[in-house]
Amino acid sequence: MGLAVAAGTMREHGGSISVQSVQGGGTTFTLRFPIERDTQPTEAAHVVSDDNAALLAPRTILVVDDEDMVRNVITRLLAIRGHETVAVASAHEALERLDEKDWDLVLTDQGMPGMTGRELAHQIRKQKPDLPIMLLTGDTDINVNPAEINRVLTKPFKIDDVQTVIAELT
């Protein structure tokens, strides 16, 4: 899963990952990063890559994932697009922080110890019935209650797809 996330991140930034492996000799991963010169700072509003190409103002997003790397990648990719994010490692921590801000969206993993993303969504609905919830999951067959979870995206995901869903839900 980690390699899929890393490969997705590299593609999102115009880079690539290649691998060479020799039995008994080890494995080499090569990461190629694009070089940009004379870049300008990004603006606060970003274009969403959907058919409408609508401008999306920055949103305040609570990111919930028990895997450090996944949580960090999602947070960084959203920050690049101008969003304010707070990342937490568990559903319990998310519930504790729910009243800290006026969240525009909760983006949560499904498979977490202690409480799944679906269970978290159920708890959030008790406190904030109108808060949009997006579930990210590596599961291929997941049934969700559409009254509790607004959208499901599967991992590995493209950040443009996440951005499009954010625009649709907020």
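This is a predicted model, so every value here is computed, not measured.

A. Molecular detail of the sheet that holds strand β6 (residues 84-88). The strand order across the open sheet built from five strands is β6-β5-β7-β8-β9, with neighbouring strands paired in parallel fashion. At either margin of the open sheet sits one strand with a lone partner, and together these are β6 and β9 (151-154). Going across the sheet, the axis of each strand differs from the next one's by a mean of 20°, ignoring polarity. In terms of strand pairing, strand β5 (residues 60-64) meets β6 through five bridges, oriented parallel. Across the sheet, residue Val64 finds its bridge partner in β6, namely Val88. Packed on one face of the sheet, helix α4 (residues 117-127) meets β5, β7 (105-109) and β8 (133-137) and runs near 170° to β8.

B. Quick look at empty space enclosed by the protein. Counted under the stated rule, the structure contains one cavity of 30 Å³ or more. Here the largest cavity defines a volume of roughly 60 Å³. Along the walls of the largest cavity sit Ala4, Val5, Gly8, Thr9, Glu12, Val73, Leu77, Pro156, Phe157 and Ile159, which together make up its complete lining. Listing elements by their share of the lining of the largest cavity, those giving two or more residues are α1 (2-12) and α2 (68-80).

C. Highlighting the pattern of salt bridges. On inspection of all chains with the given rule, the structure shows eight salt bridges. For Asp65, the salt bridge identified is with Lys155, shortest N-O distance 3.2 Å. Of this pair, Asp65 sits in the loop between β5 and α2 while Lys155 sits in the loop between β9 and α5 (159-169); the two residues are 90 residues apart in sequence, bridging distant segments of the chain. Taking the relative accessible area as the measure of exposure, Lys155 reaches 10% and is therefore buried. Across the pair Asp68 and Arg71 runs a salt bridge whose closest N-O atoms are separated by 2.2 Å. In this pair, Asp68 and Arg71 both sit in helix α2, three residues apart, roughly one turn of the helix. We classify Arg71 as buried; its relative accessible area is 10%.

D. Just α4, in detail. Those residues of α4 that fall on the buried side of the exposure criterion are Gly117, Leu120, Ala121, Ile124 and Arg125. Burial along α4 is one-sided: seen end-on, the buried residues are contained in an arc of 140°. In this structure, the buried side of α4 is in contact with β5, α3 (91-97), β7 and β8.

E. Structural detail: α2. Here α2 contains 13 residues, and its C-alpha end-to-end distance of 18 Å stays within 8% of the 18 Å for a straight helix at 1.5 Å per residue. The complete set of buried residues in α2 reads Val70, Arg71, Val73, Ile74, Thr75, Leu77 and Leu78. Remark: Gly82 follows α2 within two positions and exhibits a positive phi of approximately 90°.

F. Inspection of the side chain of Thr75 at higher detail. Tracing the chain through its elements places Thr75 in helix α2. Polar side-chain contacts of Thr75 include one of 2.7 Å to the backbone oxygen of Arg71. Leaving out residues up to four positions away in the same chain, Thr75 has contacts with Val63, Thr85 and Ala87.

G. Representation of the side chain of Thr164 in the model. Checked against the element boundaries, Thr164 lands in helix α5. A polar side-chain atom of Thr164 sits 2.9 Å from the main-chain carbonyl oxygen of Asp160.

H. Quick look at the pairing of β8. With respect to burial, β8 is a largely interior element, five of its five residues being buried. Of the two faces of β8, the one holding Ile133, Leu135 and Thr137 and the one holding Met134 and Leu136 are both buried throughout. Pairing of β7 with β8 involves four bridges; the strand directions are parallel. In the sheet register, Asp109 faces β8, and the bridge partner there is Leu136. Chirality of the crossover, the property in question, places the unit of β7, α4 and β8 among those that are right-handed. As paired elements, β8 and β9 share four bridges and run parallel to each other. Bridge assignment links Met134 to a residue of β9, and that residue is Arg151.

What counts, and where the lines are drawn
Residues numbered from 1 in each chain as written. Predicted model: local features only at pLDDT ≥ 70, side-chain atom pairs only at ≥ 80, totals over all residues. Heavy atoms only, no water. Pairing = 2+ DSSP bridges. Helix = DSSP H or I, 4+ residues; strand = E, 2+ residues; numbered from the N terminus. Axes fitted to C-alpha atoms, helices over the stretch in contact; angles between N-to-C directions. Contact = heavy atoms within 4.5 Å. 1 Å grid on protein atoms, 1.4 Å probe; cavity = no way out; pocket = protein on both sides within 12 Å on 5 of 7 lines; lining within 4 Å. Points joined across faces, edges and corners; volume = space filled by probe spheres on them. Salt bridge = Lys/Arg side-chain N within 4 Å of Asp/Glu carboxyl O. Buried < 20%, exposed > 50% of the residue type's maximum accessible area, 1.4 Å probe, protein only. Arc of directions from axis to C-beta. Expected span 1.5 Å × (residues − 1). Polar contact = N/O pair within 3.5 Å; in protein donor to acceptor, adjacent residues only side chain to side chain. Right-handed = clockwise from strand over helix to strand, strands pointing away.

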